[in-house]
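The residues making up each chain are set out below.
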Amino acid sequence: MTSKRPFCDGIIRRDFLRVGAAGAFGFGATLPGMLEQQALATGTQTSGPQGPPGDVSVIYIFLLGGLSTIDTLDMKPNAPAEVRGEFSQIQTNVPGIEVCEHLPHTAQHADKFSLVRSFAHGDSGHGSGDKYMLTGYLQQERPAFGSVAAHEFGSRGGIPPYVVMPSMHPSAGPSFLGSAAAPFLIDADPSAPGFAVPDLAPPLDIDASRLADRRSVLGTVDRFRRHVDSRGEAGAYNKFRERAFALMTSAEAKRAFDIQRESESVRQAYGINTMGQSCLLARRLVQSGVRYVMINHNNWDTHANNFGDLKDNLLPQLDKALGELLRDLSDRGMLEKTLVLVSGEFGRTPKVNENAGRDHWGNCFTLALAGGGIQGGRVVGSSDKWAAKPDQNPIGPKDFAATMFHVLGVDSEKLVYTMDNRPVKLLDEGRRIHELL
Amino acid sequence: MGKSPNHLTLIVLGQITLLAVPVWADTTLVGVDVNPTSVSLRGPVARYSLLVTGKSESGNLLDLGGEAVFRSDSPEIVSIDEQGVVRPVADGDGMVVVEVAGRSLSVPVSVENSHSPREFSFVNDIMPLLDKKGCNGAGCHGKAEGQAGFKLSVFNSDPEADYEAIVMQGRGRRVFPGAVERSLLLLKVSGQRPHGGGRRMELSSPEYNTLRDWIAAGVPYGSDADSRVERITVTPGTRILSGNARQQLRVVAYYSDGRMRDVTHLAQYESNNPGLASVSATGLVTTKDRPGQVALRAGFMNQFDMFQALIPRSDRISIWPELAEHNFIDRHVYNKLRALNIVPSGVADDAEYLRRVYLDVIGTLPSAEEIRRFLSDSGQDRRSRIVDELLKRPEYADYWALKWSDVLRVEREALGHQRAYAYYKWVRDSFADNKPYDQLVRELITVEGALIDVPQAHFYGVEGEPGKIASRVSQTFLGLRIACAQCHHHPADIWSQTDYWGMQSFFTQVQTRDTPRGTVIFADGNPETKHPRTGEVVHPYPLGTDMPATAPVTDRRKVLADWMTSPDNAWFARNIANRMWAHFMGRGLIEPVDDLRATNPASNPELLDALSEHVVTNNYDLRELIRTITRSRVYQLTAQPNETNRLDEQNYSHANLRPLEAEVLLDAVCQVTGVAERFQGAPPGARAIQLWDSGVSHYFLKLFGRPVRKSACVCERVSEPNVAQALHVMNSPAIHQKLKHEGGTVARLHAMFPADSQLVEELYLAFFSRNPFDQERENGVAYLRSKPDRRRAAEDLAWSMMCSIEFIFRH
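Sequence positions are assigned chain by chain, starting from 1 and proceeding in written order. Chains carry letters from A onward and ligands carry numbers from 1 onward, assigned in written order. Selection of residues for local features in this predicted model requires a pLDDT of at least 70, selection of side-chain atom pairs for listing and counting requires 80 or more, and totals for whole chains, interfaces and linings are taken over all residues.

1. Re the nonpolar core
Next up, step 1: Within the largest apolar cluster, 264 residues are counted, with the highest numbers of intra-cluster contacts made by V293 of chain A together with L763, F767 and A798 of chain B.
Next up, step 2: Among the elements that make up this core, the one with the highest residue count is helix α11 (residues 306-331) of chain A (nine residues).
Next up, step 3: Only buried Ala, Val, Leu, Ile, Met, Phe, Trp, Tyr and Cys residues enter a nonpolar core, and they are joined through C-beta atoms within 7 Å. Put plainly, a residue is buried at 20 or more neighbouring C-beta atoms within 10 Å of its own, exposed at 12 or fewer, and partly exposed in between, counting only other residues' C-beta atoms, which are placed from the backbone. Within the second largest apolar cluster, 25 residues are counted, among which are I232, V279, L296 and F300 of chain B. Secondary structure follows DSSP: runs of H or I at least 4 residues long count as helices, runs of E at least 2 residues long count as strands, and numbering of each begins at the N terminus.

2. Quick look at helix α25 (residues 745-752) of chain B
Residues and elements named next belong to chain B.
Next up, step 1: Three or more residues of α25 are buried, namely T745, V746, L749 and H750. Projected down its long axis, α25 shows its buried positions confined to an angular sector of 125 degrees, all on one face. Exposed residues pointing more than 90 degrees away from the buried face of α25 are listed as A751 and M752.
Next up, step 2: Contacts are defined on C-beta atoms placed from the backbone: any two residues whose C-beta positions lie within 7 Å are in contact. At its buried positions, α25 is contacted by α21 (662-673), α24 (733-740), α26 (756-768) and α28 (790-802). The directions considered for the arc run from the helix axis to the C-beta atoms.

3. Comments concerning the sheet that holds strand β4 (residues 51-56) of chain B
Sheets are built from strands paired through backbone hydrogen bonds, the pairs being either parallel or antiparallel.
Residue and element names in this part refer to chain B.
Next up, step 1: Note on pairing: DSSP must find at least two bridges between two strands before they are called paired. Strand order in the open sheet formed by three strands is β1-β4-β5, and the pairing between neighbours is antiparallel. Only two strands of the sheet have a single partner each, and these edge strands are β1 (29-35) and β5 (61-63). Sheet twist, expressed as the average angle between the axes of neighbouring strands with direction ignored, equals 30 degrees.
Next up, step 2: Sheet topology note: the β4/β5 ladder contains three bridges and is antiparallel. Looking across to β5, one finds that G54 is bridged to L62. Whenever a helix is involved, its axis is fitted only over the stretch in contact; in every case the axis is a line through C-alpha atoms, and angles between N-to-C directions fall within 0 to 180 degrees.

4. Points about the sheet that holds strand β2 (residues 39-42) of chain B
All names here are of chain B.
Next up, step 1: Across the sheet, which stays open at both edges, the four strands sit in the order β2-β10-β9-β6 with mixed pairing between neighbours. Sheet topology places β2 and β6 (69-72) at the edges, where each strand pairs with a single neighbour. Adjacent strand axes in the sheet meet at a mean angle of 25 degrees when their direction is disregarded.
Next up, step 2: Bridging between strand β9 (residues 92-100) and strand β10 (residues 103-112) involves nine bridges; their strand directions are antiparallel. Within β10, the residue paired with G94 across the bridge is V109.

5. Regarding the interface of chain B and chain A
Next up, step 1: Facing the 43 residues of chain B at the interface are 46 residues of chain A.
Next up, step 2: Of all the secondary structure elements, the ones that give two or more residues to the side of chain B that touches chain A are β26 (658-659), α23 (723-731), α24, α27 (774-786), α28 and α29 (805-808) of chain B.
Next up, step 3: With seven residues, α23 of chain B is the single largest residue contributor to the side of chain B that touches chain A.

6. Brief notes about the pairing of strand β1 (residues 57-63) of chain A
All names here are of chain A.
Next up, step 1: By the criterion of burial, β1 is predominantly enclosed, with seven of the seven residues buried.
Next up, step 2: Of the two faces of β1, the one lined by S57, I59, I61 and L63 and the one lined by V58, Y60 and F62 are each fully buried.
Next up, step 3: As defined by bridge partners, β1 adjoins strand β8 (residues 338-344) across seven bridges and the pair is classed as parallel. The residue bridging F62 from the neighbouring strand is S343, located in β8.
Next up, step 4: Here β1 pairs with strand β7 (residues 292-297) via six bridges, running parallel. In the sheet register, Y60 faces β7, and the bridge partner there is M294.

7. Thoughts on the packing of helix α7 (residues 350-362) of chain B against helix α8 (residues 368-375) of chain B
Residue and element names in this part refer to chain B.
Next up, step 1: Relative orientation of the contacting elements α7 and α8 amounts to 130 degrees, with a least axis distance of 10 Å. Overall, the two elements α7 and α8 adopt an arrangement that is oblique. By crossing handedness, the relation of α7 to α8 is classed as right-handed. Here D350, A351 and L354 of α7 lie close against α8, whose contacting residues are I371, F374 and L375. If an angle is under 35 degrees, it is roughly parallel; if it is over 145, roughly antiparallel; if it lies from 65 to 115, roughly perpendicular; otherwise it is oblique. A clockwise turn of the near helix away from the far one marks a right-handed crossing, whereas an anticlockwise turn of less than a right angle marks a left-handed crossing.

8. Describing α23 of chain B
Next up, step 1: Counting buried residues in α23 of chain B gives eight out of nine residues, a clear majority hidden from the surface.
Next up, step 2: Taken residue by residue, α23 of chain B has V723, A724, Q725, A726, L727, V729, M730 and N731 of chain B as its buried positions.
Next up, step 3: Where α23 of chain B is buried, its residues contact β6 (184-185) and α7 (232-249) of chain A together with α22 (699-703), α24 and α28 of chain B.

9. Considering the domain arrangement of chain B
Much of the literature gives interface size as the accessible area that the parts lose upon coming together.
Residues and elements named next belong to chain B.
Next up, step 1: Examined at the domain level, chain B breaks down into domain 1 (5-112), domain 2 (122-216), domain 3 (230-311), domain 4 (434-565) and domain 5 (662-810).
Next up, step 2: Contact residues are listed per partner, giving 11 residues for domain 1 and 10 residues for domain 3.
Next up, step 3: Among the secondary structure elements, those contributing two or more residues to the side of domain 1 that touches domain 3 are β3 (48-49) and β5.
Next up, step 4: Residue type decides the class: Asp, Glu, Lys and Arg count as charged, Ala, Val, Leu, Ile, Met, Phe, Trp, Tyr, Cys and Pro as nonpolar, and the leftover types, Gly among them, as polar. Classifying every residue of the side of domain 1 that touches domain 3 by side-chain character gives four nonpolar, five polar and two charged. Residue ranges for the domains originate in an automatic or database domain assignment.

Here it is, written out as structure tokens:
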């Protein structure tokens, strides 16, 4: 499968002039009407990412704890009861693809997403599995994919290129790419009443006129800013402070983060819960120019009461949110330019344990991918009869990373420098999952 | 010869564009030299590069190679190219001519054996090519798993394996002596076949030809008896260069059989300060527009040498001011600055000095009370007296324990709560007691006994694998990074794998045992370390020394500690002197501070020598070193640059602005607002610099770059600002609450000082640790009066100060 590719580094990068792609996000710029641009850009229906590198955004729905894919996306109805679990399959809108009965909304959009059922990285530890899924690496400290996107392409308009919500994940950081590639963290639950992005707006009792006063006082008080140049840390702080003001005062930035602007019916459609509103906010952010949104969604570590938790809470919320996200992106013409990913750090054991739970299983699980040039309605690879290991066409984390970089338009062969100044490629191996493209 | 330089300048200007003004255009040349004055070429592929140097009236030396015209007077014997590289054509004596600056200089060349068959050595002829072209780089075929099925040893560490990979593996397709041009190796490097690395050699380039001829000759390996590179030299060694100038280097390798060879085209180059000068793959150095001292390293077959350039400002200082010298530090810094045509900034006033010295010595801002007391002190020695006071305060131990807990890795996650705390306590006690630094290190390295008695043993507990310990010890206490040499020869230093394993084996005796007194650590036995590639036994030996015939029979760590802490050790005192200097001055004499390799010289070597000597003569008393550094006039300069030092970042001509560490900044925020923070697991009133566990959950500390203590590198503490930090200081509800807190500073001052002018003054004292200037006072008063709510207006002033560079940074 890996032979006969003319050049392993692809053709869509390198030769494009990356106008405005320099580093961190631009100060004072207004947000472009990304939605309109994207609608215009999606006239064609050919496969693979179109247009210049950095054209595609990513929404990574990360199911922290580990989604039980044997109960959801790769079910084994013919396995013994202690393996196949309690759920039944339903047909999707693509003949031949079945998913869990508790994913009815999602099932209606199977034409938009594809499943990789032969995925494995072999690591069944929290932390380590996460590293694999968020950076492509286990043994080395590496930047998260989102940080790579931020580093390579910078921001579109005045909005941060990489956002993590509703809480930080230890492997979602920039590693050696430096703080300019760090995610902008929304350390708050978008479904909470009165949700606001922390620190983005001044406290409530600082109104616009008082903020303007403060800003003008700051201008006369900070005598050092007159003799810092653009270099050095003081220069950087000066610059970031200006950007902070730009973010705080930009109506578009405010609008992007303000989930309350969505109608009640839209908010309901996504589901009034952390998952639903995170997906909705992610759509708003991508619409406004954010390149990479990671939803770090907790509680999937179903060692006990796997079926109850999945059926009663986790799956209905995921199902509604994901189904609506796919429909919404598609209706808005944004899906072609937005890669949606669903995965945990690993899957769960084929055998149900004594607590009616399933334990960690990195030896085989299923990824769901949609949009951004990924073809929908496909199943890539297969697992063995108990979903214990890949059967046909095994796919690994490096292949996943290669696909991610390909979709993003990142040159995965690019040399970057680690903290101790060792030159390394962004990705040292792995092949794109071309069956998806 | 007859033309005057000026005459020639005119001609050149007439011929080519104005942009190409020759380098000597604005100086008068008093002489031109070609080096060497004669060349002897032996063998069919010999080469030698000529360096052309002009001497100006002021004595400066200029590289004229870019303007010189090279020609051969005897083309049947010798050729010379545009870069001035001489190559053989046929045996005999010939002559090449260099024409430059109206002069014409002849260099006799003798050629021998120009047509004798080439005798190849894989190690000496082929490996350097693969190295130069980056084939064996860590990003390509040199990485552990190779690339596309072809693996080379990274940085030439395993010649035999590389030979086998090229000649035997790959189903024999890589080299075809029978049909040379069809060898995959040639097809790939020349880009005739798709190659992930692209085209690395042009068809029929000298490099390509060498590879081709080697294959045609039947891919000989040569023999182990082949000569080896013993050293390399870079010419010139030092120069004074102006900004935006060039200097071509020549690199010559000396072999064990007495041969020498020009390897300029094969050497690898690197600048230790790309902001000052860069160097091309062909050894051409280009300076930037910034003054300073820079070293350009050349490496060839694991041998290294360097070129050092001093780049003065172009405007000479006609009369350098008379400046007081408080101690030896000032003399050495002034010497450097004078050579660079830079005049240092003025001395900071008392308030600026006080804030700086508080932050640097105890990581804490002075209180308004302390500032007032200091400002009213008229004693001549007040600046040194305050340092003596600070050194005795508990915050001194808090702050330095925090810093050292980072690099010594007091890691709760790895050690557990109790052990990590005991380890921290040992670090803090060491600073509270002013334990001599050599003793501190000795106690750490040679620790033995029950863990409850010797908690520093947890140094071994964080990551106990002997090689990892050897790396941490070298990096932390010697400033040498040897971790690379675990798997391959260090790419930028002289350390071989044997050196790494020699260090590793100092720690292989270390064991623990559970006893009634708890876990006990001790060193015992005679374990053998084997070189991972050759399998030969490696006895313990310190870096840069010879391996002994046997391993010491005692605790090997004591041998290492003796060597490290000996006054003659080349790195131990320099490392601590440089790290301490970097802390107080914002930049090490050597940067990064854990990279003391020979080819990364100090920006002011005389000063570093003097500081290390000071450390040794004062028995490693760190407080004494702090007194000496802070007493120097150089330490006390303002951050305000002048016309001559604006671009200087390297030579301590003004104070550097540096962000406060996360913990120090949070404490500062609490102190100036008068509202303390509560930390999980710490007693009420605990300050951030007292937190022994870097894992205490706190958004502010994380946001401002507190390290997680997963490595011994100071680089783990991130000082690079980001937009979230700026947003947090401006908007965080927590900080907002502190500003408007009823029991906080702003409320208190607002109530206490009804006079606006006094209120402004008090706010400046609290937040900026100084009195306001007149204009600032006026601005502040005007603002207070312009607002209906005076208290809120005072909060606005305080908020602006807190968001200022003057608050967030040390200066």
